[in-house]
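# Structural features, examined
Chain by chain, the residues:
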Amino acid sequence: MATAELPPARSTELPLEPEMHPLVQNKHDLVSVGDAIGEVVLKGEHPRGWWIGFLAGFAMLQVLAIAVCWLFYVGVGIWGINVPTAWGFAIVNFVWWIGIGHAGTLISAILLLLHQKWRTSINRFSEAMTIFAVMCAGLFPLLHMGRPWFFYWLYPFPNVAGVWPQFRSPLTWDVFAVTTYFTVSLVFWYIGLVPDLAALRDQARKRWQQIVYGLLALGWRGSAIHWRRYEKVYLILGGISTPLVLSVHTVVSFDFAVSIVPLWHATIFPPFFVAGAIYSGFAMVVAIALPVRKWYKLEDFFTDHHMDIMGKVMLTTGFLVTYGYFSEAYMAWYGHSLYEWGTTLERMFGPYAWTYWILIFTNCVFPLTALWSKKIRTSPFWLELVCISVLIGMWFERYVIVITLTREYVPAGWGHYSPTFWDYATMIGSLGLFLTLFFLFLRYLPMISITEMRELLPKKQGGGGGHSIMENAP
Amino acid sequence: MSTVTPGTPTTAPLHHAPGQGEHATQAPLVPVTYGLLAMFETGDAMSHAVAKAVEAGYTHLDAYSPYPVGEAADALKFPKSEMGPVMFIGGLTGACAGFIMQYWANTWGYALNIGGRPYFSWPSFVPITFEMMVLTTALTGLFGLLAICGLPRYHHPLFNSKAFERATRDRFFVCIEATDPKFNLADTRAFLNGLHPLSVEEVME
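These numbers were taken from a predicted model, which means no experiment stands behind them.

A count of helical and extended segments in chain A gives 16 helices and zero strands. By the compact-globule yardstick of 23 Å for 474 residues, chain A fits well, its C-alpha radius of gyration being 24 Å. Across its three principal directions, the C-alpha atoms of chain A cover 75 × 55 × 45 Å. Partitioning the contacts of chain A with sequence separation of at least 6, the portion at a separation of at least 24 is 81%.

So, in structure tokens, the structure goes:
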């Protein structure tokens, strides 16, 4: 090899990564990247779409406020929960939201470790999405407690009664997993934001913006020594967030799998839950990114290439999830357990069969036939439709799992579950909370990492030549 | 950082003494030089300048850029950050504390018989031990990074320079600080000018 001639210099017209082509072709440089992303925040001129999204979310948030006030006044009896189905919507929504959150960490941490540079333009807002989704998720167990003001009883703390939590229970693990997940996501997000906040501080012309972004930027000045430490911290955070994200949904699945309810007590649950989480999370990222990039004209940053890749990830995780459904039914039949097989038949043809078939259609049949085609993966309309379908399907998946409780061992213990108006109000309200927070984020913080986009620019245009965080982090 | 270099007058800025009239003559306020700030157009030029300055024997200097430029940190003889061991120790502490907490609480503090399992059923303590490790690693990362970098620090002499606003935008800076034993206003300026910067500016404390 040493004697081999050097290959001819590669054409510098179009560099490295396909997703960078619009950045290059449209002649972006360090300043224009900062302006394109930063001015959205600093100028405060927002497209009509922002107002539509924000006001819709804010209106739904009011529904949540009313639902929660009524809940605190009357108690959890306003929900449809009963004895076989003691958690109902609360756990369905909890698992759904936390699953959605997982895409953010997956994109920011796992794809970081895998050197997937296309993540750069979507990591910031998917991390924001993670934080808001985990907030919505956390809401449900808190509200379900009945006496949410005693929520701190979940945590170990020295108290007069001398009582400590029962650490052998997956529910206690869940408290730690979700708390850690929220905190670590927040830390990861904030550390990523610091250099961008410093950029906004120096770019801002309004006094209040200089003060607010200046305070948040913590006096960051971009010293080479600081950058080196920063990259190391970012890399390690990526490294620990990767097992964290897998552990969180694994622990969530233990909430079910550790019990002895037929079809819950299965070793497939952890990987099946994690795959489902990523599936729904990517669907949410794309479902939100598509309209946002249109409203804010950010097609140079979030390109068709991104949509294509995200569609492929959804295709893969969709198949994993489908395998999970197949495996559940197959093991129930093959295991010769009367209860497992009986519950499977009840699930498919019992009173709640319609939810099962909606799940199969919206989660498997439609997305997994549609996503094969590149045309669909790169068509905003169709991809949006597929994503919404997946979000509905993944919600029904958790519903189907929870509703299993109405048909377990002894027919005498069978029951019926139907959500009430207040169940729906709380669910719609949590969506309102999510949208409100998300649109406020779009308005006040840079939705794409300015620093990382600058690193991605080729050297000729002032950038770091495709270098990305952690490649220089010893 | 605020020590005064040899060669500059040692008069510290005097406080406005109470009772003095507005136009009472103040003792001459001699601003203290923080350093010389050279501005470059590219990251490569900045790294090159740092390497040259280190070669010339300067030790108190730093580079500033809108995105990480690893070569500059290498040239500053900072090849490896200390954050790895810091976060490792943080994580280890958290894991141990988490495990001991569970062991103590469920074995001694409030022993519960759950289905006849041993009180010290360590496999079921693993998930929380892991979560505590991740939590403390991340928190040590955040607070350790801030502490070691001396942040938050809202007043920094470099912010006195108007041009330095572009350090988070599109320019790359090298600052040789006045605390450097080799620092001499005229000579250092000449040295920096020899590296073809866009500008060289004296920054005051």
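Anyway, onward from the coordinates.
Secondary structure summary: chain B contains five helices and four strands in total. Seen in sequence order, chain B has helices and strands lined up from the N terminus as β-α-β-α-α-α-β-α-β. Counting the 205 residues in chain B, one finds 40% classified as buried. Of all intrachain contacts in chain B linking residues separated by at least 6 positions in sequence, the fraction that spans at least 24 positions is 76%.

So, about the environment of Gly144(B). Residues and elements named next belong to chain B. Summarising the element assignment, Gly144 is placed in helix H4 (residues 126-149). The spatial distance from the C-alpha of Gly144 to the C-alpha of Pro197 is 34 Å, given a sequence separation of 53 residues. Each residue touching Gly144, except ones within four places of it in the same chain, is listed here: Met83, Val86, Met87 and Gly90.

The subject of this paragraph is the interface of chain B and chain A. Tallying the contact residues gives 59 residues for chain B and 53 residues for chain A. Counting only elements with at least two residues in the side of chain B that touches chain A, the list comes to strand S2 (61-64), helix H2 (70-75), helix H3 (83-109) and H4 of chain B. In terms of residues, the side of chain B that touches chain A owes the most to one element, H4(B), which gives 15 residues. Split by residue class, the side of chain B that touches chain A holds 36 nonpolar, 15 polar and eight charged.

Residue Pro152(B) follows Leu151(B) across a cis peptide bond; omega there is -5 degrees. The phi dihedral of Lys297(A) falls on the positive side, at around 55 degrees, and the residue is not glycine. As for its placement among the helices and strands, Lys297(A) is situated in the loop between helix H9 (269-295) and helix H10 (304-334). Lys297(A) sits in the exposed class, given 11 other C-beta atoms within 10 Å.

A word on the domain arrangement of chain B. Structurally, chain B comprises domain 1 (33-81 + 154-204) and domain 2 (83-149). Taking the mean C-alpha position of each, domain 1 of chain B and domain 2 of chain B sit 43 Å from one another.

Attention now goes to the nonpolar core. Note that soluble globular proteins tend to have their nonpolar side chains buried in a common cluster. With 190 residues, the main nonpolar core has Ile98(A), Ala133(A), Phe282(A), Val285(A), Val50(B), Phe173(B) and Val174(B) as its most contacted residues. Per-element accounting of this core gives the leading share, 18 residues, to helix H8 (residues 224-257) of chain A.

What follows is about the packing of helix H4 (residues 89-113) of chain A against helix H5 (residues 120-144) of chain A. Residues and elements named next belong to chain A. With their axes 7 Å apart at the nearest point, H4 and H5 run at an angle of 160 degrees to one another. The pairing of H4 with H5 is recorded here as roughly antiparallel in orientation. Viewed along their axes, H4 and H5 form a crossing whose handedness is left-handed.

The next thing to look at is H4(B). Helical periodicity: at 3.6 residues per turn, an α-helix aligns residues three or four positions apart in one direction. All names here are of chain B. For H4, with 24 residues, the first-to-last C-alpha span of 34 Å sits near the 34 Å given by 1.5 Å per residue. Among the 24 residues that make up H4, 18 are buried, leaving the element largely enclosed by the rest of the structure. In the stretch just after H4, Gly150 is the one whose phi turns positive, near 70 degrees.

On to the environment of Thr168(B), then. For Thr168(B), the position within the fold is in the loop between H4 and strand S3 (172-177). Expressed as a C-alpha distance, the spacing of Thr168(B) and Leu198(B), which sit 30 residues apart in the sequence, is 16 Å. Sequence-distant contacts of Thr168(B), defined by excluding residues within four places in its chain, comprise Ala198(A), Ala199(A), Asp202(A), Gly222(A) and Pro66(B).

Residue and element names in this part refer to chain B. Burial within S3 is extensive, with six of its six residues counted as buried. The two faces of S3 match: Phe172, Val174 and Ile176 on one face and Phe173, Cys175 and Glu177 on the other face are all buried. As paired elements, strand S1 (residues 33-40) and S3 share six bridges and run antiparallel to each other. Residue Leu37 lies in a different strand from S3, and its bridge partner there is Cys175.

A separate point is the packing of helix H2 (residues 30-43) of chain A against helix H6 (residues 170-203) of chain A. All names here are of chain A. For the pair H2 and H6, the least separation of the axes is 10 Å and the interaxial angle reads 75 degrees. Our classification of the angle between H2 and H6 gives roughly perpendicular. Contacts from Gly34, Gly38, Val41 and Leu42 of H2 reach H6 at Ala199, Leu200 and Gln203. Residues of the contact of H2 with H6, tallied by class, amount to four nonpolar, three polar and no charged.

Residues and elements named next belong to chain A. Among the residues of helix H7 (residues 207-217), Tyr213, Gly214 and Ala217 are the ones counted as buried. In an axial view of H7, the angular spread of the buried residues amounts to 110 degrees, which keeps them on one side of the axis. Among the exposed residues of H7, those pointing more than 90 degrees away from its buried face are Arg207, Trp208 and Ile211. Where H7 is buried, its residues contact H6. Among the residues trailing H7, Leu218 stands out with phi positive, at a value near 60 degrees.

Okay, the sheet that holds strand S4 (residues 199-204) of chain B next. Residue and element names in this part refer to chain B. Within the open sheet, the four strands sit side by side as S2-S3-S1-S4. Their pairing is antiparallel. What marks the edges here is a single partner per strand, and that holds for S2 and S4. Neighbour-to-neighbour, the strand axes of the sheet open up by a mean angle of 20 degrees, direction not taken into account. Taken together, the six bridges between S1 and S4 define a ladder with antiparallel strand orientation.

Parameters at a glance
Residues numbered from 1 in each chain as written. Chains lettered and ligands numbered in written order. Predicted model: local features only at pLDDT ≥ 70, side-chain atom pairs only at ≥ 80, totals over all residues. Helix = DSSP H or I, 4+ residues; strand = E, 2+ residues; numbered from the N terminus. Rg over C-alpha atoms; globule rule 2.2 N^0.38 Å. Contact = placed C-beta atoms within 7 Å. Buried ≥ 20, exposed ≤ 12 C-beta atoms within 10 Å, placed from the backbone. Nonpolar A, V, L, I, M, F, W, Y, C, P; charged D, E, K, R; others polar. Domains from an automatic or database assignment. Core = buried A, V, L, I, M, F, W, Y, C linked by C-beta atoms within 7 Å. Axes fitted to C-alpha atoms, helices over the stretch in contact; angles between N-to-C directions. Parallel < 35°, antiparallel > 145°, perpendicular 65-115°, else oblique. Left-handed = near helix turned anticlockwise from the far one by under 90°. Expected span 1.5 Å × (residues − 1). Pairing = 2+ DSSP bridges. Arc of directions from axis to C-beta.

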